[in-house]
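Chains, contacts and geometry: an overview
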Amino acid sequence: MGSWIWCICIGSVGMFFVVLNYIALIRSKREGRFISGFPLIGGILLFLAFFLSPVRWLSVVCLLDYGIWTLPLVLIREAIRNKRRSRQGSSEKEEPRT
């Protein structure tokens, strides 16, 4: 019974942050300006909550937080962009010598 109490307490806080992230996402899209949420906090708390419960496979609920699956995608995309920019910058600096 004690593990379910921890699951409910931590899970409630995690869901609160997940909801805040979605509210920030919706407001960002609606207002056309960036509004930061709390990336990964809700997902990590949900994972921890269900990992401490007797039914551990429910830890996949952490994927409800869009920060869990979008943050790695954004980091990879930015790394690729930076690599392309550095290649373009280095090719522009190298001029053929005559």
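The sections below set out a description of the structure shown in this document.

On the secondary structure map, Asn21 appears in helix H1 (residues 2–31). In this structure Asn21 comes out as buried when scored by relative accessible area, which is 1%. Once you skip the residues sitting within four places of it in the chain, Asn21 turns out to touch Gly37, Phe38, Pro39, Asp65 and Tyr66.

Here we take up H1. A rise of 1.5 Å per residue sets the reference length of H1, with its 30 residues, at 44 Å; its end C-alpha atoms lie 44 Å apart and thus fit the reference within 8%. Considered for burial, the residues of H1 that qualify are Cys7, Ile10, Gly11, Gly14, Phe17, Val18, Asn21, Ala24 and Ser28. Among the residues trailing H1, Gly32 stands out with phi positive, at a value near 75 degrees.

As for its position among the elements, Phe34 is in the loop between H1 and helix H2 (41–51). Residue classification places Phe34 among the exposed positions, given a relative accessible area of 70%. In this structure, the C-alpha to C-alpha distance between Phe34 and Ala24, residues 10 residues apart in sequence, is 8.5 Å.

Our next topic: the nonpolar core. The tendency in soluble globular proteins is for nonpolar side chains to be buried side by side. Cys7, Val18, Leu46, Phe50 and Cys62 form the largest nonpolar core, which has 5 residues in total. Going through the elements one at a time, H1 and H2 are the ones with two or more residues in this core. Leu46 has contacts with Gly11, Gly14, Met15, Val18, Val61 and Cys62, leaving out every residue within four places of it along the chain.

Rules used in this analysis
Residues numbered from 1 in each chain as written. Predicted model: local features only at pLDDT ≥ 70, side-chain atom pairs only at ≥ 80, totals over all residues. Heavy atoms only, no water. Helix = DSSP H or I, 4+ residues; strand = E, 2+ residues; numbered from the N terminus. Buried < 20%, exposed > 50% of the residue type's maximum accessible area, 1.4 Å probe, protein only. Contact = heavy atoms within 4.5 Å. Expected span 1.5 Å × (residues − 1). Core = buried A, V, L, I, M, F, W, Y, C linked by side-chain atoms within 4.5 Å.

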